[in-house]
Every structure is written in C-alpha cells, then in structure tokens.
Amino acid sequence: MKHVFVLSILVAMVMSIAMVPAMAQDDPGVVNVYSSRHYGDLEAPFIAFTEATGIEVRVSAGSPRDLLSRLRADIDRGDRSVADVFLAIDAGVLSLAASEGLLQAIDSDALNESVAEGFRDPDGYWYGLSIRTRTLVYNLENVTEEELAAVNTYADLADPMWEGRVCMRPASHIYTVSLFSSILQDLGEEDATAVAEGISNNTVRYINSDTSQIRAVAAGECDVTFVNHYYMGRLANGSEEDVAVFDSVGIKWMNQEENGVFFNVNGAGVVKNSANLDNAIAFIEYLAATENQCGELECFPGSNYEFPTNPAAEANETIADFGEFEYDLAYGLSQYGEFQEATVEMLESVGFGFAEN
Ligand SMILES: [Fe+2]
C-alpha cells in the first residue's frame, strides 16, 4: 500500500506543476480524477472518452481515506481544487464526501435519465456508474445441496454448521464494513451483533483479497465466503488455472427472499471548486450514457465485469449467466456513510478479524 500512496503523491505533485493557468480556446483541456479504483489508472473507458472528446484524463489514484484527506486539504487551501472528479468504489465514501462539503451537486438531465434512481444520490452530489454485488461463493463438492439450500441470507453463515468452513475478508477492508453495515441497517444493533459474533465464532480464515478467497474456496481450504461478483467474472475469463478455479465453485445470490442482494456502486461526483467543471460533468455524463455502459471491455461496467447503472444498457455476458436477482434497494446508498462507524465498532466488539490469519 505504501508505495501506491507515495506514487499517488508524486503523481499529484507532477500534476500540479504541469497545470497551466490558462488554456487556448480550442483546447478541450483536461479532467483531473481522484480515483480509488484499483484496476489500473488509465482504464479503457477513460481512453475512449479522450478519443471521443479530446479531453485529457489525468488520474491520481489512492485509497478512499487518502483521497478524502487530499480533497479536504485542496479545498481548505481555498483556491481551485486539484481534482475535478472524485471516483470512489463505495457509496459510503461518496456520501461522506458529499456531507463534508467536498462535492458539488450537479443538475444534469442526461445523468438523471442515464442513472436509475436508487443508484445515485437523490440530491445530485454523485452518480453510480457501475454496480457490484457482494454474495456467496461456495465449493461445489464440499457443500451439499441441503447445506446450500440453508444459506439464503448473510446471517446464515453464523450457523455453527459452518464452523471451520468460512473464509472472510477482514474488517479492515471497506468491502466487509459496507456489507456488515447493511446487516446492521437491516436487523438492528442487537441481531446484527449476534450475526457478526456467530460468523466470527465459526473460526474464520481471514484473507485480504477477494480473488484469494475464491481460490481458497476452490482449493477446499474453506467451503463458503462472501465476495464481490466481478472477481468471478474475471476468473471465468482468465488463465486456464483461473477457469479451473471458477469451475470448482458456485455463486449464489443472497437475500433473495428478503430485501435483495447487497450491492455497492462505483460512483463519481464533481469536486467543489473544480477548475474544469464542464469537463468534469462531460466525463461523468459520458461514462453513464447508454452506449458507454455496455458489457464490453471499453465500457465502464464491462471493463470490470460489473453491472450497469443505466437500465437501458446490457450486462456483460459472463455475469449475466450468473442468473437473475433482486438488489437490496431498502438500504439507500446515501445511507451507507451513516452506518460505517457503528459497523466498525460492532465488528470490533465481537472479535471479528481485522487482519489476515
Ligand atoms: Fe475490488
């Protein structure tokens, strides 16, 4: 992590030196993006945006926490911000940025039309651009049909039948925090705490990588885990070894008889004090447009096997094959930020792992 952080600072320094105060009239200019995506800086859809508009995309990557503190520092200086767009992999982080006044609301008919309600901030501070669900992956041989039928909710992994058979991502990671925040919001403090305690009492093996969690399930080191669905999409389209891993496991949508599967979005908001406001809006509008929400590699959702937030767009074929499901729309994305702190406290209180073991 450390080298990524140092690299981000270097990139930010180079960016600020390279910024020119005035641009020629016909120069489409730049859009500066602070991104907590971890799938390569110059992603295919960003390159496609530059090809379509001439606007250069400069990405400065970092963890959500680093980027939030850089945004705060930029805005505290009072002048125009270094970043124009804040791109985050978690609605909680986007909501926190909005509530701290780091983003500005935009009123774009194009965006309100492109992004389905439920996948964007109701006040226009940020818009979801792709959807990731967090759900069950299980070993096809070791989990019997009966056992599988008994896992329908996230809470079901608290059952002692899973003693010694569970892998989880540690609670130091945002993926685990946001998932358990949905359990907290849904069940309330007492029952959610019992679930977190029940799962952690099952002698969990903590692995800080979704792909490694799936590999561990495939290898029978554990039988069940919760992961983001797109890691399954990647394995299905990866090397021969990846495909063998994919073929040894199954995916099941959780909470289908309840509120629906837990999901999160990659979303983007325009930074307060953005020096390139029009380009920032154009960038987000481009990524949300139907033709750029496709399941192919050049599209934002497709490049990472995520689902589109634009209801007119089609999902990538591999993940469409995972079957139909309902999203949990009862837990509004703009609420995610509110539950983060209490969730971390809850996980801490029951001894849930915060590191690999
Ligand atoms: Fe990820």
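Visitor: Honestly, the overall build of the protein in this entry has me stumped. Any pointers?
Guide: The helix and strand inventory of the protein stands at 14 helices and eleven strands. The C-alpha radius of gyration of the protein comes to 20 Å, within 12% of the 21 Å expected for a compact globule of 357 residues. When each of the 357 residues of the protein is scored for burial, the buried share is 49%. A fraction of 77% describes how many contacts in the protein between residues 6 or more apart in sequence connect residues 24 or more apart.

Visitor: How do you make sense of helix α14 (residues 336-349) when you look at a structure like this?
Guide: Each turn of an α-helix holds 3.6 residues, which means side chains three or four residues apart point in the same direction. Look at α14: 20 Å from first C-alpha to last across 14 residues, which is about the 20 Å you get at 1.5 Å a residue. Its axis deflected by about 30 degrees at Ala-342, α14 carries its strongest bend there. The inward-facing, buried residues of α14 abut α4 (91-99), α7 (174-187) and α8 (189-200). In the segment just after α14, Gly-351 is the residue with positive phi, at about 80 degrees.

Visitor: I keep staring at the pairing of strand β10 (residues 263-271) and nothing clicks. Help me out?
Guide: The buried count for β10 comes to nine of nine residues, which makes it a mostly enclosed element. In the sheet, strand β3 (residues 85-88) pairs with β10 via four bridges, with the strands oriented antiparallel. Note on β10: the bridge partner recorded for Leu-87 is Ala-268. Note: strand β4 (residues 103-104) against β10, two bridges, orientation antiparallel. Note on β10: the bridge partner recorded for Gln-104 is Val-270.

Visitor: Looking at this model, I keep getting lost on the environment of Ala-330. Mind explaining?
Guide: Here Ala-330 is to be found in the loop between α13 (317-320) and α14. Measuring from C-alpha to C-alpha, the distance between Ala-330 and Ala-73 comes to 35 Å, with 257 residues separating the pair along the chain.

Visitor: Any chance you could explain the confidence of the model for the protein here in plain terms?
Guide: Low pLDDT marks regions whose predicted coordinates should not be analysed in detail. On average, residues of the protein carry a pLDDT of 92, and 92% of them reach 70 or more. This model gives residues 14-24 a pLDDT under 50, and the stretch forms six contacts once residues within four places in sequence are excluded.

Visitor: How should the nonpolar core be read in this particular structure?
Guide: Within soluble globular proteins, side chains that are nonpolar tend to cluster in buried spots. Counting 105 residues, the largest nonpolar core has Leu-71, Val-85, Phe-86, Ile-214 and Ile-284 as its most contacted members. The residue makeup of this core includes at least three contributed by each of domain 1 (2-131 + 264-321) and domain 2 (132-261 + 335-349).

Visitor: Would you mind showing me how to read the packing of α4 against α14 here?
Guide: Each pair of packed helices can be described by the angle between their axes along with the distance between the axes. The contact between α4 and α14 brings their axes to 7 Å, and the two run at 110 degrees. Taken together, α4 and α14 sit at an angle that is classed as roughly perpendicular. Contacts between α4 and α14 involve Ala-91, Gly-92, Ser-95, Leu-96 and Ser-99 on the former and, on the latter, Tyr-336, Gly-337 and Gln-340. Among the residues making up the contact of α4 with α14, the classes are represented as three nonpolar, five polar and no charged.

Visitor: So what exactly am I meant to see when it comes to the domain arrangement of the protein here?
Guide: Many analyses report the size of an interface as the accessible area lost when the parts associate. Assigned domains within the protein: domain 1 (2-131 + 264-321) and domain 2 (132-261 + 335-349). Between domain 1 and domain 2, the C-alpha centre-to-centre distance is 28 Å. The interface is formed by 15 residues belonging to domain 1 together with 13 residues belonging to domain 2. Only α4 and α13 provide two or more residues apiece to the side of domain 1 that touches domain 2. In terms of residue count, α4 provides more of the side of domain 1 that touches domain 2 than any other element does, five residues in total. The residue makeup of the side of domain 1 that touches domain 2, split by class, is six nonpolar, seven polar and two charged.

Visitor: Just to check I follow, could you spell out the pairing of strand β8 (residues 224-228) for this structure?
Guide: Here is the key point about a regular strand: its side chains alternate between the two faces of the sheet. The element β8 is extensively covered by neighbouring structure, given that five of its five residues are classed as buried. The two faces of β8 match: Val-224, Phe-226 and Asn-228 on one face and Thr-225 and Val-227 on the other face are all buried. Pairing analysis gives five bridges linking strand β5 (residues 127-139) to β8, with the strands arranged antiparallel. Across the sheet, residue Thr-135 finds its bridge partner in β8, namely Val-227. The pairing of strand β6 (residues 166-168) with β8 spans two bridges and is classified as parallel. By the bridge assignment, Val-166 is partnered in β8 with Val-224.

Procedures and definitions
Residues numbered from 1 in each chain as written. Predicted model: local features only at pLDDT ≥ 70, side-chain atom pairs only at ≥ 80, totals over all residues. Helix = DSSP H or I, 4+ residues; strand = E, 2+ residues; numbered from the N terminus. Rg over C-alpha atoms; globule rule 2.2 N^0.38 Å. Buried ≥ 20, exposed ≤ 12 C-beta atoms within 10 Å, placed from the backbone. Contact = placed C-beta atoms within 7 Å. Expected span 1.5 Å × (residues − 1). Bend = angle between axes of the 7 residues up to and from the residue. Pairing = 2+ DSSP bridges. pLDDT = per-residue confidence, 0-100. Core = buried A, V, L, I, M, F, W, Y, C linked by C-beta atoms within 7 Å. Domains from an automatic or database assignment. Axes fitted to C-alpha atoms, helices over the stretch in contact; angles between N-to-C directions. Parallel < 35°, antiparallel > 145°, perpendicular 65-115°, else oblique. Nonpolar A, V, L, I, M, F, W, Y, C, P; charged D, E, K, R; others polar.

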